[in-house]
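Listed below are the residues making up each chain.
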Amino acid sequence: MINKFEKQLEKWNGGVLRGAQAKLARLLRVSTATVALWATGKRRPSKGYAAQMAQLFGLDAYDVMRLFAPTTTYPDLQPRHAPLSLRDAQSPENTYSADNKPEEEGASNSVSLPLLARVPEAYPAYDESDVVEWWTLPRRAARGAKYLVRDAQTPQRDDLYLIKPAGELIDGAVMLVRTGGGHLIARVRQERESVVLRPQAGGRPQAFPAGGVQAVGAAVRKITDAE
């Protein structure tokens, strides 16, 4: 039995489902595996990809979003005038509830997390253009994370990290940090007057003055070759 998204793909592809995912992937410039994950409900396309599909399918963008219902809800259906904060995204109307405890009444067993193309300049605020796609994960697997980012230093692999915001450096932990040269995912070692970062992508450890490294978040889980 095919789902709503697959039915639309079949209709769009002249009544033939075979090859439709690959065709859509080529037009959207994403991998076939990504479209397959959308079709199975393991991931959700971002609003930008939904808008592109709306043009291809001859549908309203909202109708495309409904193809991923009932488990898929989008946190940015209403127009807004300011970037959406990762904290604001946790409000009930945005269906982002990673901080809710499982025992709370009505709490879902899953959470929706954005895979960000990069760490936003205005962190903790992000814009829709920063979102590659939405992931739905079991709450327990999310471990309190608020978003996923790729390790930009491993282009040969697709290393993703679930990031839980943290305001302080945690000695011995793998963290997303900000330095004068940009963001880096590294294991932190704090010394008396310096901070040593060991990049997870490999390479030599780097030493920084104690005040030269800012904590962004703790990497609570690594996902390798996700696609």
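For the structure given in this document, a descriptive report is provided here. Only a predicted model underlies this, so the values are computations on that prediction, with no experimental measurement involved. (Residues numbered from 1 in each chain as written. Predicted model: local features only at pLDDT ≥ 70, side-chain atom pairs only at ≥ 80, totals over all residues. Heavy atoms only, no water.)

Remarks on the sheet that holds strand β8 (residues 174-179)
Within a sheet, adjacent strands bond to each other through the backbone by hydrogen bonds, running parallel or antiparallel. The sheet built from ten strands is open, its strands ordered β1-β5-β3-β6-β7-β12-β8-β9-β10-β11 with mixed pairing. Two strands in the sheet have a free side with no partner beyond their single neighbour: β1 (43-45) and β11 (206-209). Going from strand to strand, the sheet's axes swing by 40° on average, the running direction of each strand aside. Alignment of β8 against strand β9 (residues 182-190), held across six bridges, turns out to be antiparallel. Opposite V174, over in β9, you have R187 as the bridge partner. Lying on the sheet, helix α3 (residues 32-40) is in contact with β1 and β5 (131-138); it crosses β1 at an angle near 105°. (Pairing = 2+ DSSP bridges. Helix = DSSP H or I, 4+ residues; strand = E, 2+ residues; numbered from the N terminus. Axes fitted to C-alpha atoms, helices over the stretch in contact; angles between N-to-C directions. Contact = heavy atoms within 4.5 Å.)

Considering the packing of helix α1 (residues 4-12) against helix α2 (residues 20-28)
Relative orientation of the contacting elements α1 and α2 amounts to 80°, with a least axis distance of 9 Å. Comparing their axes, α2 and α1 come out roughly perpendicular. Facing F5, E6, L9 and W12 of α1, the residues of α2 in contact are A20, Q21, K23, L24 and L27. Classifying every residue of the contact of α1 with α2 by side-chain character gives six nonpolar, one polar and two charged. (Parallel < 35°, antiparallel > 145°, perpendicular 65-115°, else oblique. Nonpolar A, V, L, I, M, F, W, Y, C, P; charged D, E, K, R; others polar.)

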